[in-house]
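One-letter residues, chain by chain:
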Amino acid sequence: MQSLRPSALSASLLLLMASASACGGTSQASTSNGGGATTGNGGDGGTATQTNTETLSGGAGGGGATGGVGGTGGAGATGGTGGATTGGGGAGGMGGGWPTCDAKPDNVPDKALHDIWADNPAAPTEVWVSGAFVTAVSRSGCTAGTACQFFVQEAPQFVDFASAAHRSLKVFASASTAVHFEGIAVGDQVDVQAWAWRYNVDGQNELLLQVNQQLPGCAKKVGSAVPVPVSAVLADLTVQGYEVDYGPVFVKLDLVSGKPHLPAETFGLWTTGQIDMNPDGITSLSPFFLTGAVFTGLTSEKIHDFTSIVGVFGLFVPPANPVVKYKEIYPRTMDEVVIKKVQP
């Protein structure tokens, strides 16, 4: 357990600030299961994933052992070659198309977010989530070529912090698939097709929805609503709470203070006028979900007392040091960072 006085925060935040601009990165575990040959037609290609880098295809369909038709490739893959016999080889299978979210595929189960929490899948499992509400989008919007993440929750609002437990998740789209999520914005009600799993790479332990070239997915706006945060205090925000007990809850903190640094850097928060004691250490304010991922309107190196701060509670685990897990609040606009006073 650690007590942090406001005067000691700067030294405690050096490691946190150094990693701020890379906040929220996620890498992909290494698995592959291409389809094998059968005695007739070729087996269908499986999905394939690999760490950090991405290939442009799933597993190729297996060739038919007796001249049957080659199996269908995984999403984005070429099909397998037909087996060669005296009767001639079968035709290659066709590559899979990218999902559009216009309708739920018959073979993908419809899951509420709390169902995914209950399932807690250990490996990527394809799911369809109907009518979730977007609470935050990194850099205020997904852009082709840049990894993107956004948070969704089951309803526009909940009664309190406890009732919001297991009702929200993060969607992480790789740089090469972020184009499929352009236009998704805070307040959108969306249908989502993605792959749910307990992401356990490099020391992480986060239940999330993932999309990359080998785990295809999409999101489509079907309605809209204004998400309403639930009241919380810094003591509610723990690593255990994010990973296991609650998830990425959309919260409002009242009467907290912090000392901003550079516009693109996170900075620690404490309850105004108090010494917080939290076994997980400090919770920081992050600019990662603001436009341009930078703060505006704050005075560098001056202590700010805030009337309130609104944002999604998240966790950042730097790949270079997975033992350290940084708790963060992600405001979506600077209007959600309400300044009461800047101390001289």
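This text goes with the structure placed above it.
Described below are features of the structure shown in this document.

What counts, and where the lines are drawn
- Residues numbered from 1 in each chain as written.
- Predicted model: local features only at pLDDT ≥ 70, side-chain atom pairs only at ≥ 80, totals over all residues.
- Heavy atoms only, no water.
- Helix = DSSP H or I, 4+ residues; strand = E, 2+ residues; numbered from the N terminus.
- Buried < 20%, exposed > 50% of the residue type's maximum accessible area, 1.4 Å probe, protein only.
- Contact = heavy atoms within 4.5 Å.
- Disulfide = S-S within 2.5 Å.

1. Looking at the overall build of the protein chain
Point 1. Helix and strand counts for the protein chain stand at 4 helices and 17 strands.
Point 2. Residue burial in the protein chain is summarised as follows: out of 344 residues, 50% are buried.
Point 3. Looking at the protein chain alone, contacts between residues at least 24 apart form 63% of all its contacts between residues at least 6 apart.

2. Digging into the environment of F158
Point 1. Positionally, F158 belongs in the loop between strand 5 (148-153) and strand 6 (168-173).
Point 2. Using a relative accessible area of 17% as the deciding quantity, one classes F158 as buried.
Point 3. Excluding residues that lie within four positions of it along the chain, F158 makes contacts with Q153, S163, A164, R167 and V230.

3. A word on unusual backbone geometry
Point 1. Positioned with a positive phi, D202 is a non-glycine residue whose angle comes to about 55°.
Point 2. Take D202: it is sitting in the loop between strand 7 (188-199) and strand 8 (206-211).
Point 3. Positioned with a positive phi, E301 is a non-glycine residue whose angle comes to about 65°.
Point 4. A relative accessible area of 40% places E301 in the partly exposed class.

4. Some details on the environment of P124
Point 1. When you line up the elements, P124 lands in the loop between helix 3 (113-119) and strand 4 (125-137).
Point 2. On a C-alpha basis, the gap between P124 and W197 in space is 4.9 Å, while along the polypeptide they are 73 residues apart.
Point 3. For P124, the residues in contact, after removing those within four places along its chain, are W195, A196, W197 and L215.

5. Quick look at the state of the cysteines
Point 1. Counting across every chain of the model gives 2 disulfides.
Point 2. Each disulfide pairs two cysteine sulfurs, and for C101 the partner residue is C218, the sulfurs being separated by 2.1 Å. Torsion about the S-S bond of the C101 and C218 cystine: about 90°, corresponding to right-handed handedness. In this pair, C101 sits in the loop between strand 3 (48-49) and helix 3 while C218 sits in strand 9 (residues 218-224), placing the two residues 117 residues apart along the sequence. C218 carries the same exposure label as C101, and that label is buried.
Point 3. Between the sulfur atoms of C142 and its disulfide partner C148 the distance amounts to 2.0 Å. Between C142 and C148, the disulfide has an S-S torsion of -65° and is therefore left-handed. The exposure classification of C142 matches that of C148, with both residues buried.
Point 4. Here the bonded cysteines of the protein chain are numbered in sequence order, and their pairing is 1-4, 2-3.

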